[in-house]
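Here is how the chains run, residue by residue.
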Amino acid sequence: MKEERVREKAFLSIFLVLTLLAVGLIALAEKGGVGVPVFIGASPSNTGEIGTSSLVELLREKYGSVYVITNLNELDSIRTSDKCLFVVISPEIPYTTSDSSRIASYFARCAHPFFLIADENSTSNNLLKAIGAQLEIPTIVTYTRGEGLGVVVYVPEKGEYLPAYPLSVFYVNNTRYSLYLDIASYIIIHGGSYTIFGEYTVDTKKYPSGVIAYSNTTFGGQAKEVVAYVLSDGSIFLNQVIDRNETYRSFALTLFQSMCGEGGCTIIFDGSRYTPIPLTDLKNNLASITPLYVSFPSLLGMIVANLIHPSTWLPPLIDYSNKVFAEILGNHLVTSILALLFAVLAFVYVSRQEVFVSDKPMSEEKLVEVAYAENILEEIEKGKLKLGREDFKSLYEIVDSVMQSVYGLSLRDEELERRLSLLLGEEKARRYLESMNKLYDKAVGLRRTPIVLSWSRVVTKYVRESEEVLSKVGVSLMRVEIVEKLARS
Amino acid sequence: MAEESIVYATHRTRLTAIVIFFILLTGFLSSRIQLITIGLVTLSLILGMRAYVSYMAASLRDLEVEFEHDPPLDGGEFEVRVVLRNRGIIPLGFVEYNLRHSPFIKFSKGATRGFIILPARSETIIRLICSGRVGRHRIGPVEIQARDIFGLYRTRTFKTGSIAYVKIPPSYSVAVLRRLMVYARSLGLSRSRASGTGIEFHSMREYRPGDELKRVEWRKSVKFNKLIVKLTEREAQQNVYILLDSSHVMLSGPYARTVFEHMARAVTAIIAYLSQRGDNFQLIIFGGSEMYGTPSLMRAARGFRVSIENISSVNFEEIAPGDRVEGLMSAYKFLLRTLRRERNIVIIITVIDSQEYLEALIKISKELIGLRNIVYIVNPIITSYDMVGLPVWARGLYTLKTYGILRNQLNYSRILNKEGVNTVLVSSLDAPFKIARLIELHRSR
């Protein structure tokens with residue numbers, strides 16, 4: 001009984017699991033694919049050479065509370081701490097006024113707002129303006145002269161030509177760092193309170209490459225002292241240098257330490273300023289898929305994740321099945337054959353699953369009655385009792401025993417005939433005794449006559465006659481007392 | 001697989017499935033939506049019926065069954081109630097029940113098998129009238145199965161309810177007991193030649209304080225002018241051992257009038273008589289797979305009660321045709337352990353049906369006689385019991401046909417008597433009197 005219940009439960013469980021699986025697959029397909037696009041710029045999501053994912057990991061190891069946002073709305077869900085640092089490295093999309101106000105509303109919740117803006121172009125200037133830093137990064141244009149590294153940086157606003165890879169010296173926490181910049185701009189200082197912590201020299205003219213601007217800015221109606229670290233190049237934070245060059249890694253850590261100290265700092269990397277390339281659109285951006293821009297293992301992982309996602313294969317599969325089914329149903333012959341096959345299979349399956357029994361009513365308990373001479377009783381009940389020579393002998397002996405017990409005379413005694421004549425009449429008594437004795441002699445083989453055609457008829461006849469005779473002497477073959485009488489005789 | 005399933009499809013389902021198969025096939029081949037619809041609706045009906053029967057199977061499995069009965073009577077009728085409780089919230093329809101019971105007991109009224117509907121959260125009582133007979137009889141379990149309305153599916157047959165046993169003591173007529181007492185005293189069979197409690201006159205003497213006033217002989221008292229009391233003869237106490245055979249042969253005869261039951265009633269009357277006479281007695285019932293009886297010699301009401309309890313414990317279902325000699329020898333060994341070293345009366349009530357059994361009986365009888373006991377074999381005339389159940393017209397033929405058996409039985413009795421073992425042939429009518437006479441004839445003096 002228990003096994004059946006276990007089986008039922010197992011079947012239900014399997015059915016439930018399969019149903020949930022189907023629901024889950026449809027839901028996933030409805031929701032859409034993995035949706036992770038490829039970033040090819042200095043995005044913190046880019047694990048390629050020119051991404052900044054290594055810096056994020058480096059800082060996460062040290063500070064823990066390092067967040068990467070892909071949308072400025074995500075700022076609302078990030079918890080603030082005593083110090084908040086907003087990091088922007090080589091952004092590709094300029095900040096708008098609404099972007100600046102979103103950032104400002106976040107920093108209104110923070111006691112000490114810090115900004116790190118490393119940009120070789122004018123993309124971040126709106127943000128600098130919004131946080132009250134009187135700094136500006138001029139737009140640059142690169143020219144290629146000749147072959148190899150013959151690249152020149154041109155500043156259209158000033159009409160100046162700058163080297164593509166100047167060596168800049170930075171002083172952070174009293175430590176001097178000499179770092180090569182990569183197609184860098186410089187910082188124009190318009191005033192306010194500031195400190196220059198990095199610069200490079202071109203023909204004796206110094207260009208600021210790192211400035212700390214201090215300003216009092218109102219965020220969400222609250223006045224805040226904002227400290228903004230501005231660098232004229234984002235390349236010194238890219239994976240290609242952070243992963244391989246200890247000086248760059250040390251500079252980065254010292255710089256962040258100078259802002260965040262040893263802890264209690266929430267660092268937010270703005271990943272919303274880069275143009276994502278959807279995986280499905282990669283074929284149109286083949287030029288971007290180079291080892292320089294993306295990490296191939298990550299790219300492969302993303303592609304595999306996309307492929308195994310139900311949204312990739314489930315709709316086409318259903319669509320294809322639907323088409324095939326429609327195709328099949330369109331052909332009458334194939335439909336008929338399939339219907340026949342399906343019906344046969346269904347019938348065989350159901351037949352095998354079901355246990356067929358012949359439906360009969362339950363058998364009633366049959367009363368057991370023991371009979372010593374069971375076979376005789378059965379023959380009597382069925383009317384198949386056969387009487388023969390031996391039965392006549394028994395009849396004779398019974399009547400003889402009764403006569404002996406009643407009169408002390410046997411059936412052969414002449415005196416009995418006289419006695420019975422008084423009860424039956426002379427003729428009847430004589431004929432009965434004579435017949436009985438003759439037939440007994442015949443039965444035991446003492447004589448050949450009378451001729452007996454059927455002993456059964458003879459016995460039946462003489463049972464009737466004997467009953468009549470015996471009844472005259474107060475005995476009956478039909479009564480139980482006959483047995484007792486015979487027993488006593 | 002057939003043992004594991006709780007729901008079975010019947011042959012009707014197979015037939016219906018084949019019909020559905022052809023309807024659907026025809027529908028698909030001819031693209032007739034009506035046929036397909038009919039096929040699918042019928043298929044749904046089958047599946048629906050299966051679900052319903054599956055539910056019923058679960059409910060039947062949890063069905064509560066109890067048995068109740070009135071005090072049972074030997075030779076009378078008593079009510080047996082089968083209480084079915086459906087605790088479920090769904091009514092159970094088309095439930096087929098079948099009350100299993102000992103094949104040796106008969107229900108004269110009410111249906112032991114039938115169909116019922118068990119309403120939700122209900123108690124249904126099936127009332128049956130049972131014809132009582134001596135012994136311990138099984139009632140239960142109840143076999144239950146259910147079907148759907150079309151008989152497409154049916155559940156497995158569940159055996160529910162525990163087994164109840166009805167113990168029916170043998171009945172004996174108080175009139176028979178009175179007749180026994182009068183019979184024994186009128187024949188002067190119970191004299192002991194010593195004064196005491198009894199009815200036979202012993203002597204007369206002057207009244208002494210403490211004598212019962214009812215013993216004062218008023219005429220003599222007037223004559224002698226002093227109170228004279230009449231003393232009666234003390235009735236002697238006797239140890240009586242009764243060995244009652246309950247083997248398969250003893251079950252011959254019609255319902256409630258078998259040899260065993262007749263002899264059980266006779267023995268009950270004798271034990272009642274002995275207990276009133278203050279005799280010691282032990283009853284041993286042998287022949288079945290189990291031996292019953294009083295542990296040792298007992299007397300009075302307690303002995304009577306224990307004896308009756310033992311007779312009513314005989315389970316006919318445990319009695320199978322087998323080695324009767326072994327049963328007899330086991331009873332004999334048990335008897336030897338409790339037999340007192342006095343002049344006891346040992347009465348063995350059994351049917352002798354074979355030479356082997358006869359020899360065993362002669363052997364143990366002689367051994368008991370050797371131990372100074374008085375042994376009597378009471379031999380019931382077996383064919384007379386079968387005859388009772390026959391229609392009158394068939395009895396004559398039966399007498400003829402069984403004459404040989406009777407002759408053999410009489411012959412065995414003669415052999416026993418020749419071997420010095422007293423044998424008495426008894427019938428249902430005179431058994432108690434004959435046995436009482438045997439006891440009184442040999443009462444110790």
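Above: the structure in question.
No experiment lies behind these values; they were computed from the predicted model shown. (Residues numbered from 1 in each chain as written. Chains lettered and ligands numbered in written order. Predicted model: local features only at pLDDT ≥ 70, side-chain atom pairs only at ≥ 80, totals over all residues. Heavy atoms only, no water.)

**Student:** Is there a simple way to explain the overall build of chain A in this structure?
**Tutor:** A count of helices and strands for chain A gives 15 helices and 15 strands. In chain A, buried positions account for 44% of the 489 residues. Considering only intrachain contacts with a sequence separation of at least 6, the fraction spanning at least 24 residues in chain A is 63%. (Helix = DSSP H or I, 4+ residues; strand = E, 2+ residues; numbered from the N terminus. Buried < 20%, exposed > 50% of the residue type's maximum accessible area, 1.4 Å probe, protein only. Contact = heavy atoms within 4.5 Å.)

**Student:** Just to check I follow, could you spell out the side chain of R133 of chain B for this structure?
**Tutor:** Within the secondary structure, R133 of chain B sits in the loop between β7 (122-131) and β8 (135-146). Using a relative accessible area of 3% as the deciding quantity, one classes R133 of chain B as buried.

**Student:** Mind showing me how you'd approach the interface of chain A and chain B here?
**Tutor:** Interfaces are often described in size by the accessible area the parts lose on coming together. Every contact between the two is made by 60 residues of chain A and, on the other side, 82 residues of chain B. Summing the contributions of chain A and of chain B, the shared interface buries around 6100 Å²; its carbon and sulfur component is 63%. Among the residues of chain A in contact with chain B, M362, E365 and Y372 of chain A are the three that bury the most area, contributing 14% of the side total. The interface formed by chain A and chain B contains seven salt bridges. Note that R147 of chain B is salt-bridged to D359 of chain A, the shortest N-O span being 2.7 Å. Summed over the shared surface of chain A and chain B, the number is 20 residue pairs in polar contact (both at pLDDT 80 or more). At the level of elements, α1 (2-31), α9 (332-353), β15 (356-357), α10 (374-382), α11 (389-407), α14 (455-472) and α15 (481-488) of chain A are the ones that each hand at least two residues to the side of chain A that touches chain B. Sort the elements by how many residues they give to the side of chain A that touches chain B and α9 of chain A lands first, with nine residues. Its residues assigned to classes, the side of chain A that touches chain B comprises 33 nonpolar, eight polar and 19 charged. In terms of strand pairing, β15 of chain A meets strand β1 (residues 7-10) of chain B through two bridges, oriented parallel. Bridge assignment links F356 of chain A to a residue of β1 of chain B, and that residue is A9 of chain B. (Buried area = accessible area lost by both parts, 1.4 Å probe. Salt bridge = Lys/Arg side-chain N within 4 Å of Asp/Glu carboxyl O. Polar contact = N/O pair within 3.5 Å; in protein donor to acceptor, adjacent residues only side chain to side chain. Nonpolar A, V, L, I, M, F, W, Y, C, P; charged D, E, K, R; others polar. Pairing = 2+ DSSP bridges.)

**Student:** It is not clear to me how a nonpolar patch on the surface should be interpreted in this structure. Could you clarify?
**Tutor:** Residues and elements named next belong to chain A. A contiguous nonpolar surface patch, about 470 Å² in accessible area, is contributed by L300, I303, V304, L307 and I308. By secondary structure assignment, the location of I308 is in helix α7 (residues 296-308). For I308, a relative accessible area of 62% puts it in the exposed group. (Patch = residues over 30% accessible without salt bridge, like charges linked within 9 Å, V, L, I, M, F, W, Y side chains within 5 Å. Areas by Shrake-Rupley, 256 points an atom, 1.4 Å probe, with all protein chains shown as cover.)

**Student:** Even after reading the chapter, I still don't get helix α6 (residues 300-311) of chain B, so can you show me in this structure?
**Tutor:** Since there are 3.6 residues in each turn of an α-helix, residues three or four apart along the chain are aligned in direction. All names here are of chain B. Over its twelve residues, α6 runs 17 Å from end to end, which matches the ideal 16 Å to within 8%, given 1.5 Å per residue. Residues G303, F304, S307, I308, N310 and I311 constitute the buried set of α6. Taken around the axis of α6, the buried residues stretch over an arc of 160°, which confines them to a single face. Exposed residues on α6 whose side chains face more than 90 degrees from its buried face are A301, R302 and R305. (Expected span 1.5 Å × (residues − 1). Arc of directions from axis to C-beta.)

**Student:** So what exactly am I meant to see when it comes to the pairing of strand β3 (residues 112-118) of chain A here?
**Tutor:** In the case of a regular strand, side chains alternate between the two sheet surfaces. Residue and element names in this part refer to chain A. Among the seven residues in β3, six count as buried, and that is most of the element. In this sheet, β3 lies alongside strand β2 (residues 83-89) in parallel orientation, the contact comprising seven bridges. Note that in β3 the partner of V88 across the bridge is I117. Crossover connection from β2 via helix α3 (residues 97-107) to parallel β3: handedness right-handed. (Right-handed = clockwise from strand over helix to strand, strands pointing away.)

**Student:** Explain the sheet that holds strand β9 (residues 153-155) of chain B to me, please; I cannot follow it from the model alone.
**Tutor:** Across a sheet, strands are paired by hydrogen bonds formed along the backbone, either parallel or antiparallel in direction. In space, the three strands of this open sheet follow the order β15(A)-β1(B)-β9(B), with mixed pairing throughout. The open sheet is flanked by β15 of chain A together with β9 of chain B, the only strands paired with a single partner. With three bridges connecting them, β1 of chain B and β9 of chain B associate as antiparallel partners. Across the sheet, Y8 of chain B pairs through a bridge with R154 of chain B, a residue of β9 of chain B.

**Student:** Sorry, what's going on with the packing of aromatic side chains here?
**Tutor:** Two aromatic rings, taken as a pair, are described by how far apart their centres are and by the angle between their planes. Enumeration according to the criterion identifies 21 aromatic pairs over all chains in this entry. Where F237 of chain A meets F251 of chain A, the ring centres are 6.3 Å apart and the plane angle is 20°; that geometry is what we call stacked. Of this pair, F237 of chain A sits in the loop between β13 (222-231) and α5 (239-242) while F251 of chain A sits in helix α6 (residues 246-260), and the two are 14 residues apart along the sequence. Take F237 of chain A: its relative accessible area is 0%, and that puts it in the buried class. Here the aromatic cluster, defined as three or more aromatic residues joined through ring pairs, consists of F170, Y177, F197, Y229, F237, F251, F256 and F269 of chain A. A cation over a ring is seen here: R133 of chain B above Y255 of chain B, with NZ or CZ 4.5 Å from the ring centre. Sitting over the ring of Y165 of chain B, R136 of chain B keeps its end group 4.0 Å from the ring centre. (Phe/Tyr/Trp six-rings, centres within 6.5 Å; stacked < 30°, edge-to-face > 60°. Lys NZ or Arg CZ within 6 Å of the ring centre and 35° of its normal.)

**Student:** Sorry if this is basic, but what is going on with helix α13 (residues 426-444) of chain A here?
**Tutor:** All names here are of chain A. Between the first and last C-alpha of α13 there are 27 Å, a value that for 19 residues agrees with the 27 Å anticipated at 1.5 Å per step. Those residues of α13 not exposed but buried are A429, Y432, L433, S435, M436, N437, L439, Y440, D441, K442 and A443. Of the surrounding elements, those touching the buried residues of α13 are α11, α12 (414-424) and α14. Phi turns positive, to about 90°, at G445, one or two residues after α13.

**Student:** Would you take a moment to explain unusual backbone geometry for this structure?
**Tutor:** Along the chain, T449 of chain A connects to P450 of chain A via a cis peptide bond; the corresponding omega equals -5°. The residue P450 of chain A is located in the loop between α13 and α14 in this model. Of note, the phi angle at A256 of chain B is positive, near 65°, even though the residue is not glycine. Note on placement: A256 of chain B falls in the loop between β14 (239-245) and α5 (259-277).

**Student:** Even after reading the chapter, I still don't get the side chain of R154 of chain B, so can you show me in this structure?
**Tutor:** Locating R154 of chain B in the fold gives a position in strand β9. A polar contact of 3.3 Å, which involves the side chain of R154 of chain B, links it to the side chain of Q145 of chain B. For R154 of chain B, the contacting residues outside a window of four places in its chain are V357 and D359 of chain A together with I6, V7, Y8, T10, V53, Q145, A146 and R147 of chain B.

**Student:** Looking at this structure, I do not really get the packing of helix α2 (residues 53-63) of chain A against α6 of chain A. What am I missing?
**Tutor:** If you want to describe how two helices pack, look at the angle between their axes and the distance between the axes. All names here are of chain A. Close contact between α2 and α6 brings their axes to 11 Å; oriented N to C, the two are set at 50°. Viewed along their axes, α2 and α6 adopt a mutual orientation that is oblique. Crossing of α2 over α6 shows right-handed handedness. Two secondary-structure elements touch here, α2 through L55, L58, L59, K62 and Y63 and α6 through R249, A252, L253, F256, Q257 and C260. For the contact of α2 with α6, the residue count by class is eight nonpolar, one polar and two charged. (Axes fitted to C-alpha atoms, helices over the stretch in contact; angles between N-to-C directions. Parallel < 35°, antiparallel > 145°, perpendicular 65-115°, else oblique. Left-handed = near helix turned anticlockwise from the far one by under 90°.)

**Student:** Quick question: what am I supposed to make of the sheet that holds strand β5 (residues 106-109) of chain B here?
**Tutor:** All names here are of chain B. The four strands are arranged β2-β3-β7-β5 in an open sheet whose pairing can be described as antiparallel. Bordering the open sheet on either side are β2 (64-69) and β5, each of which pairs with just one other strand. Ignoring which end each strand starts from, the neighbouring axes of this sheet average 40° apart. The pairing of strand β3 (residues 77-86) with β7 spans ten bridges and is antiparallel. Within the sheet, the bridge partner assigned to F78 lies in β7 and is C130.

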